[in-house]
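Chain by chain, the residues:
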Amino acid sequence: MWNTDIIGLRSIILCLAFASCAVALTDNAASTGGFRGPSDKLANHGIEVALGATNLYQANARNGLDTRQQSGRLSGSYDLEIATDIEKLLGLRGLGLFVHGEGGWPDAKGIDEAMVGSVFGVNADATGDRSLDLVEVVLEWSLGDGSFALRVGKMDFGGVFDTSEYANDETSQFLNGALVNNPTIPFPDYCLGATVCANLTDAWHVAAGMGDAQADGRETGFRTAFHGPDYFFYALEMGLLAEWAAPQGPLPGNYRLGLWYDPQPKAHSSSGRERRDDVGIYASVDQMLLKENDDPEDSQGLGIFARYGCADGERNNLRGFWSVGLQYQGPIESRDEDVLGLGVALGLFSGWADDSFEADHESVVELYYRLHASRRMAVSPGIQYVSHPGSRGPDDAVVVETRAQIDF
């Protein structure tokens, strides 16, 4: 039964009030220079600084595990990113450095454990109570006008492999984990590693990488990478950049096919025997279908995305996965920066793990609208429908959410 108090009307109003205050603060900062003042000066020397914060309210409005718990309803994260053009700063050709710090609150990592029980996770932005972790330190060397790039350091493999224009950022796009990354790919958590990306032609590219499979993003990575078992995750991806002809200009699209390998011993949840050498494949696409004008710098219009993944059911609980969705930027006239997103995802559980799962799948539908309230502030109300969360029978969950994202 629906309950307006359970939906959390008062908390949603609180979150929107926070958003309104943030709009006023960021607009005032814009008029006085604010954070952007010194940031622009650093940019002149090849140093770009970005600071953003995300505040989120989520509640399970129906079924799931519980609709009354408060733990994890209010959460947030903040990111500090520094990109340094070493060539511009020191004259070392083709070198760049990227540093990313991340923090968040509260201790509870969202509402899943207490209220939903989803395998995918309804809040991909939840980081737990962290002050500021140095999650990425990446040195990049580019050659041939960017046609070849070598990256080494502590990095996010999800930002290199299986990326998507429309479903890859939990702070501004979808919040459900299945619509941010492919859950069949066991990407290491901000790991020490190296990647190589090469443009074979104007249309084709290939990317390969290896990273510490046991990484903990809260640590430097040296303990797990250089001590104990030497388990390294490997990925190989081939990609095609295609442009469809249209009256408003070319419609860009990205098509990817990848293979990954994880040597760590693992097993599905109903098995007591672990097996090494896990292998899987994936494919993804994002394609613009409609542009509203012929300005190549304007991304207004309709785009679609899709993902597919396959893993070994003897080593993983999820053996298969797919997702599809769309994004429309500028759906309302005079609201050119607003974004409407709709996504659907389904994960198939391993047949070997019947003792752990009542149903053979979990699926989710998520709808959000990203409203640009000001130049540096966006508010995104949304709703998720999670079918068979954690594969439990008919207890489908309905999650309501409001997200406020600020760029200082």
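Engineer: Break down a nonpolar patch on the surface for me, citing the residues and quoting the values.
Structural biologist: A contiguous nonpolar surface patch, about 610 Å² in accessible area, is contributed by Leu236, Leu259, Val279, Ile281, Tyr308, Trp322 and Val324. Its place among the elements puts Val279 in strand β10 (residues 278-291).

Engineer: Outline the packing of aromatic side chains, listing residues and values.
Structural biologist: The final tally for this structure, using the stated rule, is 11 aromatic pairs. Centre to centre, the rings of Tyr78 and Trp105 are 6.2 Å apart; their planes meet at 25°, and the pair counts as stacked. In this pair, Tyr78 is assigned in strand β2 (residues 74-85) and Trp105 in strand β3 (residues 95-105), connecting sequence segments 27 residues apart. Classification of Trp105 as partly exposed rests on a relative accessible area of 33%. For the pair Phe174 and Tyr368, a centre-to-centre distance of 5.0 Å together with 85° between the ring planes defines the contact as edge-to-face. Of the two residues, Phe174 sits in the loop between β5 (148-155) and β6 (191-199) while Tyr368 sits in strand β14 (residues 361-374), which places them 194 residues apart along the sequence. Given the relative accessible area of 0%, Phe174 is considered buried.

Engineer: I'd like to hear about a negative patch on the surface, residue by residue, with values.
Structural biologist: Where like charges cluster on the molecular surface, the negative patch consists of Glu292, Glu333, Asp336 and Glu337. Inspection of the secondary structure assignment puts Glu292 in the loop between β10 and β11 (301-310).

Engineer: Which residues make up the environment of Pro381, and what values do they have?
Structural biologist: Mapped onto the elements, Pro381 comes out in strand β15 (residues 377-387). Residue classification places Pro381 among the partly exposed positions, given a relative accessible area of 41%. With 21 residues separating them along the chain, Pro381 and Thr402 place their C-alpha atoms 4.3 Å apart. Apart from residues no more than four positions distant in its own chain, Pro381 is found in contact with Leu367, Tyr368, Tyr369, Glu401 and Thr402.

Engineer: I'd like to hear about the pairing of strand β16 (residues 397-407), residue by residue, with values.
Structural biologist: Of all 11 residues that make up β16, 10 are buried, and the element is covered over most of its length. Across 10 bridges, the pairing between strand β1 (residues 47-62) and β16 is antiparallel. Following the sheet pairing, Asn60 is matched in β16 by Val399. The pairing of β15 with β16 spans 10 bridges and is classified as antiparallel. Opposite Gly382, over in β16, you have Glu401 as the bridge partner.

Engineer: Any details on the confidence of the model for the protein chain? Residues and values, ideally.
Structural biologist: When pLDDT is averaged across the protein chain, the result is 87; 90% of the residues are at 70 or more. By mean pLDDT, helix α1 (residues 4-7) is the weakest element of the protein chain at 40, and β11 is the strongest at 97. Taken as a whole, residues 1-33 scores under 50 in pLDDT and shows 50 contacts with residues more than four places along the chain or in a different chain.

Engineer: How would you explain the pairing of β10 if you had to name every residue and give the values?
Structural biologist: Pairing of strand β9 (residues 251-262) with β10, which is carried by 10 bridges, proceeds in the antiparallel orientation. Residue pairing in the sheet places Trp260 in a bridge with Gly280 of β10. Here β10 pairs with β11 via 10 bridges, running antiparallel. Following the sheet pairing, Val285 is matched in β11 by Ala306.

Rules behind the numbers
Residues numbered from 1 in each chain as written. Predicted model: local features only at pLDDT ≥ 70, side-chain atom pairs only at ≥ 80, totals over all residues. Heavy atoms only, no water. Patch = residues over 30% accessible without salt bridge, like charges linked within 9 Å, V, L, I, M, F, W, Y side chains within 5 Å. Areas by Shrake-Rupley, 256 points an atom, 1.4 Å probe, with all protein chains shown as cover. Salt bridge = Lys/Arg side-chain N within 4 Å of Asp/Glu carboxyl O. Helix = DSSP H or I, 4+ residues; strand = E, 2+ residues; numbered from the N terminus. Phe/Tyr/Trp six-rings, centres within 6.5 Å; stacked < 30°, edge-to-face > 60°. Buried < 20%, exposed > 50% of the residue type's maximum accessible area, 1.4 Å probe, protein only. Lys, Arg positive; Asp, Glu negative; His and termini not counted. Charge placed at Lys NZ, Arg CZ, Asp CG, Glu CD. Contact = heavy atoms within 4.5 Å. Pairing = 2+ DSSP bridges. pLDDT = per-residue confidence, 0-100.

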